[in-house]
Amino acid sequence: MADNAIFIGQSAKREELFLPMANRHGLITGATGTGKTVTLQILAEGFCAAGVPVFAADVKGDLSGISQKGAPLDALIERAKQIGFDDYGFAATPTIFWDLFGEQGHPIRTTISEMGPLLLSRLLGLSEAQEGALNIAFKIAD
């Protein structure tokens, strides 16, 4: 692998992302079970290894597995051999979990004004009428 590229996957040839081009927009789509989450994990691990900070909003916790060292399963090792991934290893990626409530991760510190009425109404589970009243209260306060 080139020093200025990160491994993405294997098709007919080895696919890599050229780091100087990585500031472009990207979209990963596919049906259930097509490898979208694994692709995001590979990208996040690759960027991290290249020294690029990664922020991933992971509401469901699908990407959190990169924080743990993987187990050497036969199927994984076999697949790595098939695609010619010689330096396949198992390591944890440095990860900080942010937590709005500060209970299971690094607390997010913000003010009510910075959150705004939309986020606050979603957090509080407000009805449409209540959200409207909160919008009015924010307008008056501002």
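Residues numbered from 1 in each chain as written. Predicted model: local features only at pLDDT ≥ 70, side-chain atom pairs only at ≥ 80, totals over all residues. Heavy atoms only, no water.

### Quick notes on the packing of aromatic side chains
Argument step 1. Enumeration over the complete set of coordinates arrives at one aromatic pair.
Argument step 2. Each ring, one from Phe 55 and one from Trp 98, has its centre 5.5 Å from the other, and the planes form 55°; the classification is tilted. Here Phe 55 is found in the loop between α1 (36-49) and α2 (74-82), whereas its partner Trp 98 is found in strand β3 (residues 98-99), with 43 residues between them in sequence. In this structure, Phe 55 and Trp 98 share a single accessibility class: exposed. (Phe/Tyr/Trp six-rings, centres within 6.5 Å; stacked < 30°, edge-to-face > 60°. Helix = DSSP H or I, 4+ residues; strand = E, 2+ residues; numbered from the N terminus. Buried < 20%, exposed > 50% of the residue type's maximum accessible area, 1.4 Å probe, protein only.)

### Comments concerning the pattern of salt bridges
Argument step 1. Here the structure, examined in full by the defined rule, presents three salt bridges.
Argument step 2. Here Glu 15 ties to Lys 13 by a salt bridge, and the two come within 3.4 Å at their closest N and O atoms.
Argument step 3. The exposure class assigned to Glu 15 is partly exposed, which follows from its relative accessible area of 27%.
Argument step 4. Owing to a relative accessible area of 51%, Lys 13 belongs among the exposed residues under this scheme. (Salt bridge = Lys/Arg side-chain N within 4 Å of Asp/Glu carboxyl O.)

### Section: a nonpolar patch on the surface
Argument step 1. A surface patch of nonpolar side chains, about 990 Å² in accessible area, is lined by Phe 55, Ile 96, Trp 98, Leu 100, Phe 101, Ile 108, Leu 119, Leu 123 and Leu 124.
Argument step 2. Examining the composition of the nonpolar patch, we find that three residues originate from one element, helix α3 (residues 112-124), more than from any other.
Argument step 3. Looking at the element boundaries, Leu 124 is found in helix α3. (Patch = residues over 30% accessible without salt bridge, like charges linked within 9 Å, V, L, I, M, F, W, Y side chains within 5 Å. Areas by Shrake-Rupley, 256 points an atom, 1.4 Å probe, with all protein chains shown as cover.)

### Focus on the confidence of the model for the chain
Argument step 1. Per-residue pLDDT for the chain averages 85, and the proportion of residues at 70 or more is 99%.
Argument step 2. When mean pLDDT is taken per element in the chain, helix α4 (residues 128-141) scores highest with 92 and β3 scores lowest with 82. (pLDDT = per-residue confidence, 0-100.)

### Comments concerning the layout of surface pockets
Leftover empty space is mapped by rolling, across the atoms, a probe with the size of a water molecule.
Argument step 1. In this model, the largest pocket occupies a volume close to 1200 Å³.
Argument step 2. The wall of the largest pocket is formed by 40 residues, among which Ile 42, Glu 45, Phe 85, Tyr 88 and Gly 89 lie closest to the centre.
Argument step 3. Elements that contribute at least two residues to the lining of the largest pocket include exactly β1 (5-10), α1 and α2.
Argument step 4. No other element matches the eight residues that α1 contributes to the lining of the largest pocket.
Argument step 5. Residues of the lining of the largest pocket, tallied by class, amount to 24 nonpolar, 12 polar and four charged.
Argument step 6. Of the voids in this model, the second largest pocket is the one considered here, and its volume is about 970 Å³.
Argument step 7. Only α1 and β3 provide two or more residues apiece to the lining of the second largest pocket.
Argument step 8. The leading source of residues in the lining of the second largest pocket is α1, at four residues.
Argument step 9. Of the residues contributing to the lining of the second largest pocket, the split by class is 18 nonpolar, seven polar and three charged. (1 Å grid on protein atoms, 1.4 Å probe; cavity = no way out; pocket = protein on both sides within 12 Å on 5 of 7 lines; lining within 4 Å. Points joined across faces, edges and corners; volume = space filled by probe spheres on them. Nonpolar A, V, L, I, M, F, W, Y, C, P; charged D, E, K, R; others polar.)

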